[in-house]
Amino acid sequence: MSIKLSLTEKVSAIDGYASDDSMSRHEFKAFQEFLDSDGPGITMAIMIRSKKENGSLLEENRLKEVVKVSDFVSTNFKMNVSGVEKNFNQFCRGFCQANEPVRQYYNGLQILGKNHTDGISKRIDLSYPTSNSFGRKFSLIPNFFGISMSSDGQHLNSSNLIVLYFRAERYPDWTTKSVKQWELRVRDHFAKEYSSDLIIVDVMSQTVVESEIVRAGLSLQPFLIVGFVIMSIFCTITTMFSAVYLYSQKATFNKVALSIIACVTPFMACGTAMGTLFFCGVTFSPIMCITPFLVLAISVDDSFLMLHAWNRLESWRTAPLDKPMREHMMGEVLVETGPAITISALTNMLAFTIGAITSPPEIRIFCYGNAAAIFMDMFYQATFYTACMTLLADTKDTEGVSEKTKRIQNKMSNVVGKFLKWYVSAISNVFISTAIVLVWAVFIGFAVLGLTRLHVELRPSKFFLKDSPMLYMDNLRTNEVVPYYTPVHVVVNNPGDLTNDTNVERLVELKEKLEHMPNAIGAPSTKFFLDDFVQYRSSFAEEIEMDVEEDDSVSEKSDIEQFLEWPEFSFWRGFMRFDNQSHPQNVTKFMFTTGFHGKDLKDWNRRGMLLKSWRGAVEEFHDDFNATVFTEDAFFLDMIDSIPTITWQTTLATFIFVSLVCFLFISDILTVLIVSVAILVTSVGVFGYLSLLGVTLDPVIMSIAIMCIGFSVDIPAHVAFHFYAAKAKSHASSHSQPSPHQVSDVSANSLSTTSSDSSISAPNSFETNLKFALASVGFPVIQAGVSTDFCALPLGFMELYMAKMFALSLTLCVSLSLIHGLIIIPALLSVQHHLVHAVKRVFRRSN
């Protein structure tokens, strides 16, 4: 399975963060159907800027180099079409002239530079935003950015950025992989081979973005080794310290081996689980590279509990450690720790399973991977690690231990015993526990305040490494392109009869509604074939009738077909679909575009509002034309509304089901309620204080929300379960005699820790039960909490937003869980204990 894991290609999908029922998916499907495509074709933008700071690309030598880049891409990168290798100019069908404005502008400058007579000047007008060259109009808005105007305000003085567009519909024999390879070949050429003293060329496409996200995810892998080494060292040191100084055992190689095996087990689980998923066809998302860190933290926690339980039982043993006794002790270890480990595993699996059901595809894959890995870890913990402990767990043999070490051991044991007794006594005090609860309430107040300030902020740059060229390109696009030209594509799926003037007027009304919206550039940015077609019919109506009378073959051609045969109108073919592609008669679908601008469009939330307004405008004409809008950013923009809803729904559902799982193992309702509140407050605290630190809501934080619910269960559940177990044991021992199988020294000593004063109403029964719980899991959960923080430490040093957020959130979540498990829950149990007894006293007096 691990071999399968290592050989599986890592794949990221930008649309993977949009929910399954989002409008963007419907719109993307409609756009692909318009293109008659089985999937996405080539969609790429090349951003060109001057190598000289503030240098204008309108200077002749630089603009010439830009045109060369356009020609080079169009002729040198080939794709196989029906067995024939073709370049872009050859396989492009509908959008081949997207870069013609750049070429025409350059040609116009060349002609005017050589022959600036009045006759030429009248035929070539390089005005902005719309230029005219020998009767052909073209818009400069989509291609020229970072502009400054001449003194007359009508011509360009300079341009710091030129964008070239390459779009080609997908052919039936193309695969998604071959399309991506074509785009990456272009990217690699300009990143590694191309060199120019005049311009800098950057390639941007969805494929390039996804490749950078994959590279960011793969950068986590070396840190797994660092995490493994740190955890192995920490486990070995703390396990050795616990065994030698708390339980008076010898330092042996077996303890080192069990510590390292505890760190190996989660990697075995990840390899098995993820390899199995990949065999089943699940894709390898880069975010899954976080999974081993999470499973490592959970698994080592379980190992600490098992080792600590063995050492404690071993310290009570008086009978020889023969095979039956070793079997019996291992059984006692599983009885004591099994339910706590199962609670931890089931709640984590449940959290990620619910997350998989409610989350978008990319997060769903992450949840599947985590749930499967945690299940396999529980399986290996109960089988492989248990077998290793059975073979390697040490006895309490103290032969060869120096007197000095024994004195330290006794002193340490006494210090720990006294501290535990003092701590339990202090936290059992009603005034101290009440004060802790009041401070906790203040903590909750600030967490809720932070939660109210949490808002969505989407930036693709969050997914890239600090050295990624995408950071600069995204910044360039956000600041230089989007505020000046944000296009929307409108697909009219049912245009109706285009010879009907009323119908055409209604279509023009749709176009004009978009052109007159806030932030709209207006007519200069619009590409609407009906404008040219209506003008063509009105201007050449008489000529067309004469041609039909003279030539019968012309009469067989429709107005649309004759319109598209004119060179200046031929490019409209890419914007239309017909009942007969060879001899167009009726337009069955068509697409038009128009542009929007505004400094406020730099903000993703403002763009999200603009997308809603586009949809609202088009929806008014839905019954007439079944029109839909399309923009490449829609997948991200839809998340602005979906992320908060999905996050709180997933969190609430997970919280409810996790509480039910806790109730299955801890049937005391008040104890379950306290654990549930601790889980909820931990999660609220993580997000509330992250918000106060300036963190915003995005897909990464949505993933962390699911993770935190699972992680916040572990430590509170361990403490609460052992408190409940001690309470149940104490209650049982007061009503029944030990069964025959409890006569061993181990069981007797185990029982004696909780049965010295078994009456529930006895003043010290609460303290006895709490002492047992903290003695059983106190040191292991501290080990687990600190080790998890160490595990997350390497991620914090990465120059990657995703890694830093997981490190910060994991550290904060585990630290809060530790505080809740060791301080808040004991304080709440103490307050509950005192309240219950106060109520009982009131009832006794009233009776």
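Residues numbered from 1 in each chain as written. Predicted model: local features only at pLDDT ≥ 70, side-chain atom pairs only at ≥ 80, totals over all residues. Heavy atoms only, no water.

Enquirer: Would you take a moment to explain the overall build of the chain for this structure?
Expert: Across its full length, the chain carries 29 helices and 13 strands. Along the longest, intermediate and shortest principal axes, the C-alpha atoms of the chain span 115 × 65 × 50 Å. Across the 847 residues of the chain, 54% fall into the buried class. Contacts in the chain between residues at least 24 apart in sequence constitute 79% of all its contacts with a sequence separation of at least 6. By element, 60% of the accessible surface of the chain is carried by carbon and sulfur atoms, the whole surface being about 36600 Å². (Helix = DSSP H or I, 4+ residues; strand = E, 2+ residues; numbered from the N terminus. Buried < 20%, exposed > 50% of the residue type's maximum accessible area, 1.4 Å probe, protein only. Contact = heavy atoms within 4.5 Å. Areas by Shrake-Rupley, 256 points an atom, 1.4 Å probe, with all protein chains shown as cover.)

Enquirer: Can you help me understand the pairing of strand β12 (residues 587-596) in this one?
Expert: Within a regular strand, side chains alternate between the sheet's two faces. Among the 10 residues that make up β12, 8 are buried, leaving the element largely enclosed by the rest of the structure. Bridge analysis of strand β10 (residues 486-492) against β12 gives 7 bridges, and the strand direction is antiparallel. Within the sheet, the bridge partner assigned to Val 491 lies in β12 and is Met 591. As paired elements, strand β11 (residues 576-578) and β12 share 3 bridges and run antiparallel to each other. (Pairing = 2+ DSSP bridges.)

Enquirer: Please explain the domain arrangement of the chain as it appears in this structure.
Expert: Size of an interface, as often reported, equals the accessible area lost when the parts are brought together. Each domain of the chain was delimited in the assignment, giving domain 1 (30-211), domain 2 (248-396) and domain 3 (406-458 + 640-732 + 766-846). Between the C-alpha centres of domain 1 and domain 3 there is a distance of 57 Å. (Domains from an automatic or database assignment.)

Enquirer: Quick question: what am I supposed to make of a nonpolar patch on the surface here?
Expert: Residues Trp 648, Leu 652, Ile 656, Phe 657 and Leu 660 make up a contiguous nonpolar surface patch of roughly 510 Å² in combined accessible area. In this fold, Leu 660 is placed in helix α24 (residues 639-665). (Patch = residues over 30% accessible without salt bridge, like charges linked within 9 Å, V, L, I, M, F, W, Y side chains within 5 Å. Salt bridge = Lys/Arg side-chain N within 4 Å of Asp/Glu carboxyl O.)

Enquirer: I'm lost on the environment of Asn 157 in this one. Help?
Expert: Secondary-structure assignment places Asn 157 in strand β8 (residues 156-168). Through-space distance from the C-alpha of Asn 157 to that of Leu 58 is 7.9 Å; in sequence the pair is 99 residues apart. In contact with Asn 157, other than residues within four places in its own chain, are Ser 56, Leu 58, Ser 148, Met 149 and Ser 150.

Enquirer: Explanation requested: the packing of aromatic side chains in the structure shown.
Expert: Here the distance between the centres and the angle between the planes together describe a pair of aromatic rings. Applying the stated rule across the entire model yields 41 aromatic pairs. Positioned above the aromatic ring of Phe 95, the side-chain terminus of Arg 167 is 5.9 Å from the ring centre. (Phe/Tyr/Trp six-rings, centres within 6.5 Å; stacked < 30°, edge-to-face > 60°. Lys NZ or Arg CZ within 6 Å of the ring centre and 35° of its normal.)

Enquirer: I'm lost on the side chain of Arg 326 in this one. Help?
Expert: Along the chain, Arg 326 falls in helix α12 (residues 323-358). A polar contact is formed between the side chain of Arg 326 and the backbone oxygen of Ala 393, at a distance of 3.2 Å. Aside from chain neighbours lying at most four places away, what touches Arg 326 is Trp 310, Leu 321, Met 389, Thr 390, Leu 391 and Ala 393. (Polar contact = N/O pair within 3.5 Å; in protein donor to acceptor, adjacent residues only side chain to side chain.)

Enquirer: Explanation requested: the sheet that holds strand β1 (residues 42-50) in the structure shown.
Expert: Within a sheet, neighbouring strands are paired by backbone hydrogen bonds and run either parallel or antiparallel to one another. Within the open sheet, the 4 strands sit side by side as β7-β8-β1-β9. Their pairing is antiparallel. The open sheet has two edge strands, β7 (144-149) and β9 (199-205), and neither has a second partner. On average, adjacent strands in this sheet sit at an angle of 20° to one another, irrespective of strand direction. Both β1 and β8 contribute to a ladder of 8 bridges, which runs antiparallel. Paired with Met 44 across the strands is Phe 166, a residue of β8. (Axes fitted to C-alpha atoms, helices over the stretch in contact; angles between N-to-C directions.)

Enquirer: What should I look at first to understand helix α9 (residues 221-246) in this one?
Expert: Spacing of three or four residues puts side chains on the same side of an α-helix, whose turn is 3.6 residues. Under the 1.5 Å per step criterion, the end-to-end length of α9 is 36 Å for 26 residues, consistent within 8% with the ideal 38 Å. At the exit of α9 stands Ser 248, carrying a positive phi of roughly 55°. (Expected span 1.5 Å × (residues − 1).)

Enquirer: Whenever I open this one, the side chain of Glu 336 confuses me. Can you help?
Expert: In this fold, Glu 336 is placed in helix α12. The class for Glu 336 is buried, based on a relative accessible area of 12%. If sequence neighbours within four positions are ignored, Glu 336 has contacts with Ala 309, Arg 312, Phe 721, His 722 and Ser 776.

Enquirer: Would you mind showing me how to read the packing of α9 against helix α11 (residues 291-316) here?
Expert: The relative placement of two packed helices is expressed as an angle between their axes plus a distance between the axes. α11 packs onto α9 with a crossing angle of 15° between their chain directions and a minimal axis gap of 11 Å. One finds that α9 runs roughly parallel with respect to α11. α9 and α11 meet at a crossing whose hand is right-handed. Across the interface between the two elements, Phe 223, Leu 224, Gly 227, Met 231, Phe 234, Cys 235, Thr 238, Thr 239, Ser 242 and Ala 243 from α9 touch Pro 292, Phe 293, Leu 296, Val 300, Phe 304, Leu 307, His 308 and Asn 311 from α11. Split by residue class, the contact of α9 with α11 holds 12 nonpolar, 6 polar and no charged. (Parallel < 35°, antiparallel > 145°, perpendicular 65-115°, else oblique. Left-handed = near helix turned anticlockwise from the far one by under 90°. Nonpolar A, V, L, I, M, F, W, Y, C, P; charged D, E, K, R; others polar.)

Enquirer: For this particular structure, what's the right way to read the nonpolar core?
Expert: Side chains of nonpolar character tend, in soluble globular proteins, to be buried together. Membership of the largest hydrophobic core comes to 251 residues, with the highest contact counts inside it found for Ile 46, Val 73, Phe 91, Trp 182, Phe 529 and Phe 590. With 18 residues, the top contributor of residues to this core is helix α26 (residues 699-733). Leave out the neighbours within four places in its chain, and Trp 182 touches Ile 42, Met 44, Val 73, Phe 77, Lys 78, Met 79, Phe 88 and Phe 91. (Core = buried A, V, L, I, M, F, W, Y, C linked by side-chain atoms within 4.5 Å.)

Enquirer: When you look at the UniProt feature "domain: SSD" (unreviewed entry) in the chain in this model, what are you seeing that I'm missing?
Expert: As annotated by UniProt and renumbered to match this structure, "domain: SSD" (unreviewed entry) occupies residues 227-391. Structurally, residues 227-391 comprises 85% helix and 0% strand, and the distance from its first C-alpha atom to its last is 27 Å. (UniProt positions renumbered as here; feature names shortened; annotations may be inferred.)

Enquirer: How do you make sense of the packing of α9 against helix α10 (residues 253-279) when you look at a structure like this?
Expert: It is at 8 Å that the axes of α9 and α10 come closest, and there the two elements cross at 145°. The handedness of the crossing between α9 and α10 comes out as right-handed. Residues Leu 224, Phe 228, Met 231, Ser 232, Cys 235, Thr 236, Thr 239, Met 240 and Ala 243 of α9 pack against Lys 255, Val 256, Ser 259, Ile 260, Cys 263, Val 264 and Phe 267 of α10.

Enquirer: I'm lost on the environment of Thr 434 in this one. Help?
Expert: Within the secondary structure, Thr 434 is located in helix α15 (residues 430-452). A residue is classified by how much of its surface remains accessible, and Thr 434, at 34% relative accessible area, is partly exposed. Distance from Thr 434 to Val 587, taken between C-alpha atoms, is 77 Å for residues 153 residues apart in sequence.

Enquirer: Any chance you could explain the state of the cysteines here in plain terms?
Expert: Disulfide: a covalent bond connecting the sulfur atoms of a pair of cysteines. By the definition in use, this model includes 1 disulfide. At a sulfur-sulfur separation of 2.2 Å, the disulfide partner of Cys 92 is Cys 96. Because the sign of the S-S torsion sets the handedness, a value of about -115° for the bond joining Cys 92 and Cys 96 places this disulfide among the left-handed ones. The thiol of Cys 280 is unpaired, and the distance to the nearest cysteine sulfur, on Cys 270, comes to 16 Å. For Cys 280, a relative accessible area of 63% translates into the label exposed. Not engaged in a disulfide, the cysteine Cys 813 finds its nearest cysteine sulfur in Cys 708; these two sulfurs lie 4.1 Å apart. Taking relative accessible area as the criterion, Cys 813 reaches 0% and is therefore assigned buried. (Disulfide = S-S within 2.5 Å.)

Enquirer: Any chance you could explain a positive patch on the surface here in plain terms?
Expert: A surface patch of like charges, here positive, comprises Lys 840, Arg 841, Arg 844 and Arg 845. As for its placement among the helices and strands, Lys 840 is situated in helix α29 (residues 801-846). Since its relative accessible area comes to 38%, Lys 840 is described here as partly exposed. (Lys, Arg positive; Asp, Glu negative; His and termini not counted. Charge placed at Lys NZ, Arg CZ, Asp CG, Glu CD.)

Enquirer: Quick question: what am I supposed to make of the sheet that holds strand β4 (residues 124-125) here?
Expert: Read across the open sheet, the 3 strands follow the order β4-β5-β6; overall the sheet is antiparallel. Each of the sheet's edge strands pairs with one partner strand only, and the pair in question is β4 and β6 (136-139). Judged from the 2 bridges that link them, β4 and strand β5 (residues 130-133) form a sheet pairing that is antiparallel. Its bridge partner lying in β5, Asp 125 is registered against Asn 132. Contacts from helix α5 (residues 100-114) reach β4, β5 and β6, with the element oriented near 120° to β6.

Enquirer: Would you explain unusual backbone geometry in this entry?
Expert: Peptide bonds are trans in most cases, and residues, glycine excluded, mostly fall at negative phi. The linkage connecting Tyr 128 with the following residue, Pro 129, adopts the cis geometry, with an omega of 15°. Mapped onto the fold, Pro 129 is located in the loop between β4 and β5. Not every positive phi belongs to a glycine, and Asn 54 is a case in point at roughly 65°. Mapped onto the elements of the fold, Asn 54 is located in the loop between β1 and α3 (60-76). Judged by its relative accessible area of 67%, Asn 54 is exposed. The backbone of Asn 626 sits at a positive phi, close to 50°, despite the residue not being glycine. Since its relative accessible area comes to 34%, Asn 626 is described here as partly exposed.

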